[in-house]
Amino acid sequence: MRLNNITNRTTIISVFFIFILTLAITFCGWKQAIASPLVGAKEEMGAWETIPMAPKESLMQSVHTILLPNGKVLSVNGSSFRNTLLNDQGKTTFVEGVGSGDYNAINNTSLFDPQTQQFERISSPPAMQDGQSNDLFCGGHLQLADGNVLFISGTGRYYPGGRFTGSKQANLYNWQTGEWSPAGQMKEGRWYPTLVELADGKIVIFSGLKLNAPNQINPSIEIYDPNTQNFHYIDLTTVDNSPFNTYIKGADDYDSIDLYPRVFPTADGKLLITGDEAGIANVLVQNKSKTSYLMSVHEDASGKFSVSFEVGPERFETTKAYGTALQVPNSEDVLLLAGMIGTNDINFGRGGNTANYAGAKIASSLQRWVSPEHSGEKNGKWETVEKFLDKPRANLEAVILPSQEILVVNGGEYPEYTPIYEPLLMTPNSDAPGGYHIKPMNPAKLPRLYHNGAILLPDARVLSIGGNANRAAVEKDGTIHVDIGRDPQNNFILAKLTDKSAQAKEFSLQEYYKSPQSYFAPGDPEPFVPAEMWQAEVFSPPYLFKPGARPEIVTVPNSIQYGKTNQISVKDATENGSLVLVKLGAETHSLDFGQRLAELPIQNIALGNESTLDFQAPTNPNLYPPGYYMMFYLNDIGKPSHAQMVKLEHS
């Protein structure tokens, strides 16, 4: 009888929402309806909260968004994708980029405390280190086993035409002291690298742009040992079956590993190079490949490293840029979602223009690498749902929730144009295409395009932050302009804006964040989006509005060891609850290097005012490497506790 009541209530809520949405579309149009504050029931579609604006001195976006073991969020921007604006007697000139060796230009770092909702500007690493620039913009980052954050490379220098070089720098952020320190230098630059942690805590670093040659791919990897702070360099052009030695039929070229490659560990310790990425225009890479690869890392008794490759299964689609990717919760399967096909240029679709991009498109697909265990194939296989999302999407994020659901959020129909406001909730369903049922959630208030971020917070909500629709401009006195547009030749200009009725309207930050749909550029039907988004939002998924008391973990060990049995106590536990670990997020460019979810088998439960639960820690450090995780308990209807931080380590 209770099940019938719940079903009836859900049906009534859904019918009511569809009715209201239909009215909104009828009177406002589809895009305005979705971007408006129209909401469905929070129990079904979640709820958004806008975080108060930071003080003026702390206003910044969040190109790199990292959760720390103390529950705070580190936002790092470096030079922040900005241009220099020169003003000579009223004549303005844009100079592409800023000085990466100028501390004032790269000092854009903050801490966000979700409990107080306060942002605090903190110091950045020095702009020069060992005689070279040290700008963290567009580097890679990952929490080490001790919780400190390793930052790899960043911008060496801006060049005209959207070209870049990568620095050789490595930096460490100490989450306990808040201090930065150098972590050595790599052999070569790595702008846009990907970091993957191995079972022993070492870090494999893929791809990136070289130091002394703009827009030149680095065809090597380096392996970082946190204990010695040494880097081990391996040239992949000399390794059999590596992408750089694999000929692509029909392309008359060899394959490559593009920028920010989507790479994931497998249960047996190999690394799956999926082929998707987040590259940029004007880089000579192979974008017609459908091939994936499996790389094995070997270390001999003397500490010397080598790698070997196996050519993996082919995907349905060619390489995609600025889609998102993640490892399926509690599994080694991998998902690739949406992204650009046929181009890496983030200007694709700006202003609705796609004329100069023959064959390019934005995908709405889901590609799933099914592991050998589940597919019966030696190197797994790819399965594809070509039209999985409700619409094509680029620069999207996929956040793993403690319920093992996935929240797809942010991005747009094009990389820097036509924002998509409504998240999608992917709920596991073995009978649904791709293994997931999709349901739209309530729309956000603010648009978030290129360089947006989204991570899971310890209170089980999702932080949505940052975003670029263009490149901001900085004057010599430090004044920042976000009201930036493009002229018909795609040159940067100070935007001349109007209201919806085409009356001139001067841009105001306060007015924009109060009413984000109130500014328009001449000839553009889409509402104007500032170059940088400086206000954050938080999304509460529907599970937080399930009935009854929220369970809470009362006692928990500070650390747990692989495969060992441990005990916690939980208030308001239930007979059939679940316990999970979620690795701390480390997100940039539509990829979270950190997040993983492991379900912890509950071996025994003694119910009481404070129930005790015995559970087993994860057994496979390849899939769940050492480090800090959030531990969540979920009751029998899936309502999660607040997280407790737990360190997973070897005995």
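Here goes a summary of the coordinates provided.

Definitions and limits used
Residues numbered from 1 in each chain as written. Predicted model: local features only at pLDDT ≥ 70, side-chain atom pairs only at ≥ 80, totals over all residues. Heavy atoms only, no water. Helix = DSSP H or I, 4+ residues; strand = E, 2+ residues; numbered from the N terminus. Rg over C-alpha atoms; globule rule 2.2 N^0.38 Å. Buried < 20%, exposed > 50% of the residue type's maximum accessible area, 1.4 Å probe, protein only. Areas by Shrake-Rupley, 256 points an atom, 1.4 Å probe, with all protein chains shown as cover. Lys, Arg positive; Asp, Glu negative; His and termini not counted. Charge placed at Lys NZ, Arg CZ, Asp CG, Glu CD. Contact = heavy atoms within 4.5 Å. Pairing = 2+ DSSP bridges. Axes fitted to C-alpha atoms, helices over the stretch in contact; angles between N-to-C directions. Phe/Tyr/Trp six-rings, centres within 6.5 Å; stacked < 30°, edge-to-face > 60°. Lys NZ or Arg CZ within 6 Å of the ring centre and 35° of its normal. Salt bridge = Lys/Arg side-chain N within 4 Å of Asp/Glu carboxyl O.

Attention now moves to the overall build of the protein. Helix and strand content of the protein: six helices and 54 strands. Against the compact-globule benchmark of 26 Å for 651 residues, the protein has a radius of gyration of 24 Å, which places it among compact chains. Along the three orthogonal principal directions, the C-alpha set of the protein runs to about 75 × 65 × 50 Å. The buried share among the 651 residues of the protein stands at 60%. Within the structure as shown, the protein displays about 25100 Å² of accessible surface, and the carbon and sulfur contribution to it stands at 49%. In the protein, which carries 51 positive and 68 negative side-chain charges, the distance between the mean positions of the two groups comes to 3 Å.

The topology assignment puts Lys-583 in strand β47 (residues 578-583). Given the relative accessible area of 3%, Lys-583 is considered buried. The sequence separation of Lys-583 and Leu-648 amounts to 65 residues, and the corresponding C-alpha distance is 9.7 Å. Lys-583 has contacts with Gln-143, Glu-197, Gly-594, Gln-595, Arg-596, Pro-625, Pro-626, Tyr-628 and Tyr-629, leaving out every residue within four places of it along the chain.

What follows concerns the sheet that holds strand β25 (residues 305-314). As summarised here, the arrangement of the four strands in space is β22-β23-β24-β25, forming an open sheet in which the pairing is antiparallel. Edge positions in the sheet fall to β22 (263-265) and β25, since each has one partner strand and no second. When the angles between neighbouring strand axes are averaged without regard to direction, this sheet yields 25°. For strand β24 (residues 291-299) and β25, the ladder comprises eight bridges, and the chain directions are antiparallel. Along β25, the bridge assignment pairs Met-295 with Phe-309.

What follows covers the pairing of strand β2 (residues 64-67). Neither face of β2 is open: one carries His-64 and Ile-66, the other Thr-65 and Leu-67, and all of them are buried. With two bridges connecting them, β2 and strand β48 (residues 586-588) associate as antiparallel partners. Following the sheet pairing, Ile-66 is matched in β48 by Ala-586.

A full pass over the atoms with the stated rule returns 23 aromatic pairs. With a centroid separation of 6.3 Å and 5° between ring planes, the pair formed by Phe-137 and Tyr-158 is classed as stacked. One end of the pair, Phe-137, is in the loop between β9 (132-133) and β10 (140-143); the other, Tyr-158, is in strand β12 (residues 155-159), with 21 residues separating them in the sequence. Above the face of the Tyr-233 ring, Lys-187 is positioned so that its terminal group lies 4.3 Å from the ring centre. In this structure, Lys-505 packs its charged tip against the face of Tyr-519, placed 4.6 Å from the ring centre.

A complete count under the given rule lists 21 salt bridges for this structure. A salt bridge links Arg-461 to Asp-459, with the shortest nitrogen-to-oxygen separation between them at 2.8 Å. Asp-459 matches Arg-461 in its accessibility class, with the two residues each being buried. Salt bridges sharing common partners tie together Asp-268, Lys-270, Glu-310 and Lys-378.

Another aspect to go through is the environment of Asn-330. Looking at the element boundaries, Asn-330 is found in the loop between β27 (324-327) and β28 (334-341). Owing to a relative accessible area of 35%, Asn-330 belongs among the partly exposed residues under this scheme. For the pair Asn-330 and Tyr-624, spaced 294 residues apart in the sequence, the C-alpha separation amounts to 9.5 Å. Every residue in contact with Asn-330, bar those within four places of it in the chain, is listed here: Gln-404, Leu-597, Ala-598, Glu-599 and Tyr-624.

Everything listed is a geometric property; what it means functionally is a separate question.
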